[in-house]
Amino acid sequence: MEHKLRHVAVPSSEITPYSAYLTRRDFLKVAGIVSATAFLAACGVKSTSGPASGNGVPTAVPGWGAETPTPSVPIPDNAQGLTTDELGNSLNTLDQITHYNNYYEFSTAKDAVASLSKDFKTTPWALEVGGLVQNPKTYAIEDLLKFQQKERIYRLRCVEAWSMVIPWTGFELADLLREVQPMTSAKYVRFITLMDKTQMPGEGGPLYPWPYNEGLRLDEAMHRLTIIATGLYGQSLPNQDGAPLRLVVPWKYGFKSIKAIVKIELTETQPETFWNNISSTEYGFYSNVNPNVDHPRWSQATERRIGELSRRQTLMFNGYNDEVASLYTGMDLRTNY
Amino acid sequence: MRKSRSFPWLKIAIHIVGWLPLAKLIFDFSTNNLTINPIQEIEIRLGRTALYFLVATLAVTPAYTLTGWSAVLSRRRALGLYAFFYACLHILTFLGLDYGFVFSQIIPLVVGKPYIFAGILAFSMLLPLAATSFDYFIKRMHRNWKRLHWLIYPAGLVVIIHYAWSLKGDLFTLRGNVLQPFIWGLVILALLILRLPPLRRWISTVRQKITR
């Protein structure tokens, strides 16, 4: 048992069995609503005080739109047992989260990834952290579990205009970066996926610049909401969702959240990214969720939440406006798509 | 020739193949086998099926040229109408299931989004073909009927562009998830090339020499 759960995000003694997780959800649903309401009342609900409206960001900046930001409700670090995100959206089921995966290393068919990835080897695993850092280091999964593991319920908005609500477990990337100490010249963080055609048949595909790589600006990478996921639903991370280490940047389109990471590198110049490499006019470096800036070929104004029949309005920064808008103060989000 | 008149097995086979994708879709719907995102799956499957029948329609003349099997020629209309049938269901799924007939959302997409526009364009090219597919029009329109039905070729190419543009990739630089539309595009191009009169005549003479 101990061995099997080696790369689980929390000590095995603290893991709630999935069945117990499910049964106590109904109780906590009620409890959660009560406590959340009490908390809001205590805070006086500072609803429209987000940086976009309150901190002098002119709403005339292109790409920002004029709608009011979502109310600021804190995103808890210990969400285990909660059944909704901070906006009251219900979680997607484990079945949905594990059987609808965009993971081209295995297949372009979302429902084929689960079976194709079931034998993917995640132990042993090494994460190399280097580039412009004082203390370059190669981590084993066990080394990474010493960083405080948090449970965060995040909305995931795919660039293809569907979305899910997922209870992740993981650590803040900032904790890792602080340990390796970025040099002052470091401005960006680059991530690279495992390259292994024998395990990931899609990486043999000729039309893609494998291996998958992604990047963030250093301040985005250091943001509290940016996590490296090691699990979901209180279980170790399923292979099809990017095991053993997957970036989650909830205010950006899903493709920024790179899976099966083997290398993190700090750089001075903006790194190349996979989809930008394929089609630079369609997939920008930033790729922040933005209902006002469409994909050139399709609209980003609405999305389908998996499991729902009608479409939802897409929220600015995927509803994380209050937390992250200040990162982009004064930027033209139309040109920096 | 008498054989094909005796029992219409080709005709029956085409109708079975024509209804099979819909039957499979209904079966998968009722057994909850349409992935986690069924609306998208329905949309994609219907679109693909329409493409397959469109390709089959375009393959009729080349199939005749290559094999000399004239029975296929009389089945072209059925294939074309199945293509149109699935295109109708595809577009209805987009309008109704996907966008709930909310035209304030749909119209900006049709006008502003190239892949939706290409899809609507292809559909509006198929529409007059289906509408004039009855014997009545074939007899009345004479040469104009052939002229009008020539639209099937550009429609096929627009469908490929619609398909490629709906995926993440770039058909023209061949990057990303465009292998399938690229291959189907090549198939359609090959079928069109096989129809070029000089090539067609040459194939016919070669075939007749071989079979003789």
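As the structure is a computational prediction, the values presented were derived from the model and not from experiment. (Residues numbered from 1 in each chain as written. Chains lettered and ligands numbered in written order. Predicted model: local features only at pLDDT ≥ 70, side-chain atom pairs only at ≥ 80, totals over all residues.)

1. Some details on the overall build of chain B
- A tally of helices and strands in chain B yields 11 helices and 2 strands.
- Mapped from its N terminus to its C terminus, chain B presents α and β elements in the order α-α-α-α-α-α-α-α-α-β-β-α-α.
- Projecting the C-alpha coordinates of chain B onto the three principal axes gives extents of approximately 60 × 40 × 35 Å.
- Scored against the burial criterion, the 212 residues of chain B give a buried share of 27%.
- Counted over contacts in chain B with a minimum sequence separation of 6, partners at least 24 positions apart contribute 61%. (Helix = DSSP H or I, 4+ residues; strand = E, 2+ residues; numbered from the N terminus. Buried ≥ 20, exposed ≤ 12 C-beta atoms within 10 Å, placed from the backbone. Contact = placed C-beta atoms within 7 Å.)

2. Quick notes on the confidence of the model for chain B
Residue and element names in this part refer to chain B.
- Looking at chain B, the pLDDT average stands at 92 and 97% of residues meet or exceed 70.
- Taking the mean pLDDT of every element in chain B, the minimum, 55, falls on helix 1 (residues 2–6) and the maximum, 96, on helix 4 (residues 76–98).
- For this predicted complex, the interface score ipTM comes out at 0.82, alongside a pTM of 0.81. (pLDDT = per-residue confidence, 0-100.)

3. As for the nonpolar core
- Leu127, Ile166 and Ile261 of chain A are the most contacted members of the largest nonpolar core, which totals 80 residues.
- For this core, the element with the most residues is strand 4 (residues 162–172) of chain A, which contributes 6 residues.
- Setting aside residues no more than four positions away along its own chain, Ile166 of chain A makes contact with Asn92, Ile97, Tyr154, Leu156 and Leu232 of chain A.
- Counting 32 residues, the second largest nonpolar core, distinct from the first, contains Ile42, Leu58, Ala155 and Ile188 of chain B. (Core = buried A, V, L, I, M, F, W, Y, C linked by C-beta atoms within 7 Å.)

4. Describing the interface of chain A and chain B
- Listed by partner, the interface residues are 17 residues for chain A and 18 residues for chain B.
- Looking at the side of chain A that touches chain B residue by residue, the classes come out as 7 nonpolar, 7 polar and 3 charged. (Nonpolar A, V, L, I, M, F, W, Y, C, P; charged D, E, K, R; others polar.)

5. Quick word on the pairing of strand 6 (residues 213–217) of chain A
All names here are of chain A.
- Counted residue by residue, strand 6 has 4 buried out of 5 residues, so it is predominantly covered.
- The pairing of strand 5 (residues 188–193) with strand 6 spans 5 bridges and is classified as antiparallel. Within strand 6, the residue paired with Val189 across the bridge is Leu216. (Pairing = 2+ DSSP bridges.)

6. Some points on the packing of helix 9 (residues 152–165) of chain B against helix 10 (residues 179–193) of chain B
Residues and elements named next belong to chain B.
- The N-to-C vectors of helix 9 and helix 10 enclose an angle of 170°; their axes lie 9 Å apart at closest approach. Judged by the inter-axis angle, helix 9 sits roughly antiparallel to helix 10. Residues Tyr153, Gly156, Leu157, Ile160, Tyr163 and Ala164 of helix 9 lie in contact with helix 10, whose contacting residues are Pro181, Trp184, Gly185, Ile188 and Leu192.
- For the contact of helix 9 with helix 10, a count of residues per class yields 9 nonpolar, 2 polar and no charged. (Axes fitted to C-alpha atoms, helices over the stretch in contact; angles between N-to-C directions. Parallel < 35°, antiparallel > 145°, perpendicular 65-115°, else oblique.)

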